Amino acid sequence: MEEQSARPVAAITGGARRLGGTISRALARAGYDVAINYFESAALAEQLRRELQALGVRVLCEQGDMSRRADVERFFHRTVTEFGRVDLLVTNAGWFERTPLEHLTDEQWERIQQRNLATTWLPVQQFGLRMRAQGYGCIVAIADVAALRPWRGYLAYNVAKAGVVALVQTLAKELAPAVRVNAVAPGPVWFPEDFAAEQRQREIERTLLRREGRPENVADAVLFLARNDYVTGVILPVDGGRLHGG
């Protein structure tokens, strides 16, 4: 039998490391019980579970590939069984990979679409329909400013994140009025490990603020969208002004 949580419940995909870990921490500090999906970061997920439980919230960690429907369904059912409901879904699971046009393969294209677009669509469908049935809920997808101003050399990734934007805007209509659906579009925040120093500096100089963003900037935007009950269908850039920069 489902046990109803007294606190609001957030589920986050890819929530154990890097940006996802920062968002999970922000949600717990804001008083959410948290269901965290992770793919390969079992040790980090366990460490995060202990850290968040020390804040006095309940935490569920569940391994799964969010591009596979069976894994998504298992994460959904574990979340609802553990907490009794879900108020907020954050889809953060994704994959960033350089794919210049002249070297892009069919296998890369399929993998990047699956790990960015499918990992958004499948959880949103599963959790979104539950939210619509319960009469309330909020979904926040992590997109990328590249969906609006593409990164050179990342063709497949740019297209996948543009698909996330289209998905969010469409589902805001499909799930209204009960469920709000928005996205955060980070810019140069927490660069990939393979970015060279000069590449990082070049991207920073393309922002109006001339500095790298912090993961907490993105987490704050997620919380804003979760709390403001009159915002839906919005793509919120957190990019230091890169959309308007060079």
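Everything numeric in this text was worked out from a predicted model, so none of it was measured. (Residues numbered from 1 in each chain as written. Predicted model: local features only at pLDDT ≥ 70, side-chain atom pairs only at ≥ 80, totals over all residues. Heavy atoms only, no water.)

1. Observations concerning the overall build of the chain
- Tallying secondary structure elements over the chain gives seven helices and seven strands in all.
- Listed N to C, the secondary structure of the chain is β-α-β-α-β-α-β-α-β-α-β-α-α-β in terms of helices and strands.
- Here the C-alpha radius of gyration of the chain, 17 Å, is about what a compact globule of 246 residues would show, namely 18 Å.
- Each of the three principal axes of the chain carries a C-alpha extent, and together these read 55 × 35 × 35 Å.
- Looking at the chain as a whole, 54% of its 246 residues are labelled buried.
- Pairs at least 24 residues apart make up 76% of the contacts formed inside the chain by residues separated by at least 6 positions.
- For the chain, the accessible surface area stands at approximately 11500 Å², while carbon and sulfur atoms represent 51% of it.
- Charge centroids of the chain, computed over 31 positive and 29 negative side chains, lie 3 Å from each other. (Helix = DSSP H or I, 4+ residues; strand = E, 2+ residues; numbered from the N terminus. Rg over C-alpha atoms; globule rule 2.2 N^0.38 Å. Buried < 20%, exposed > 50% of the residue type's maximum accessible area, 1.4 Å probe, protein only. Contact = heavy atoms within 4.5 Å. Areas by Shrake-Rupley, 256 points an atom, 1.4 Å probe, with all protein chains shown as cover. Lys, Arg positive; Asp, Glu negative; His and termini not counted. Charge placed at Lys NZ, Arg CZ, Asp CG, Glu CD.)

2. A closer look at helix α3 (residues 69-83)
- Over its 15 residues, α3 runs 21 Å from end to end, which matches the ideal 21 Å to within 8%, given 1.5 Å per residue.
- When we look at burial in α3, the residues that qualify are Asp71, Val72, Phe75, Phe76, Thr79, Val80 and Phe83. On an axial view of α3, the arc spanned by its buried residues comes to 165°, and they lie on one face.
- Just downstream of α3 lies Gly84, where phi reads positive at about 90°. (Expected span 1.5 Å × (residues − 1). Arc of directions from axis to C-beta.)

3. Digging into the pattern of salt bridges
- Inspection of the entire model under this criterion finds 14 salt bridges.
- Put simply, Asp33 and Arg7 hold a salt bridge, and the shortest N to O gap is 2.8 Å. Here Arg7 lies in the segment before β1 (9-13) and Asp33 lies in strand β2 (residues 33-38), a separation of 26 residues in the sequence.
- What makes Asp33 buried here is its relative accessible area of 0%.
- Judged by relative accessible area, Arg7 falls into the partly exposed class, the value being 29%. (Salt bridge = Lys/Arg side-chain N within 4 Å of Asp/Glu carboxyl O.)

4. With respect to the packing of aromatic side chains
- Taken as a whole and judged by the stated rule, the model has two aromatic pairs.
- An angle of 55° between the planes, with centres 5.8 Å apart, marks the rings of Phe75 and Phe127 as tilted. Pair noted here: Phe75 is in helix α3 and Phe127 is in helix α4 (residues 106-134), with a separation of 52 residues, a long-range link.
- For Phe75, a relative accessible area of 1% gives the class buried.
- Judged by its relative accessible area of 0%, Phe127 falls in the buried class.
- Both rings, one in Phe76 and one in Phe127, keep their centres 5.1 Å apart while their planes meet at 90°; by these two values the pair is edge-to-face. Note that Phe76 is positioned in helix α3 and Phe127 in helix α4, a separation of 51 residues in sequence. (Phe/Tyr/Trp six-rings, centres within 6.5 Å; stacked < 30°, edge-to-face > 60°.)

5. Thoughts on the pairing of strand β4 (residues 88-91)
- Neither face of β4 is left uncovered, since the one carrying Leu88 and Val90 and the one carrying Leu89 and Thr91 both have all their residues buried.
- Pairing geometry for β1 and β4, over four bridges, is parallel. In the strand pairing of β4, Thr13 is matched with Thr91.
- With four bridges connecting them, β4 and strand β5 (residues 137-142) associate as parallel partners. Counted as the bridge partner of Thr91 is Ala141 from β5. (Pairing = 2+ DSSP bridges.)

6. Overview of the side chain of Asn37
- Within the secondary structure, Asn37 sits in strand β2.
- At 3.0 Å, the side chain of Asn37 forms a polar contact with the backbone oxygen of Gly64.
- Ignoring any residue separated from it by four or fewer positions in sequence, one finds Asn37 in contact with Ile12, Thr13, Gly14, Gly15, Ala16, Glu62, Gln63, Gly64, Met66 and Phe75. (Polar contact = N/O pair within 3.5 Å; in protein donor to acceptor, adjacent residues only side chain to side chain.)

7. A look at unusual backbone geometry
- Going from Ala176 to Pro177, the amide bond is cis rather than trans, its omega being 0°.
- Position of Pro177 among the secondary structure elements: in the loop between α5 (155-174) and β6 (179-186).
- Residue Arg210 is not a glycine yet carries a positive backbone phi of 55°.
- By the element assignment, Arg210 lies in the loop between α6 (197-205) and α7 (215-227).

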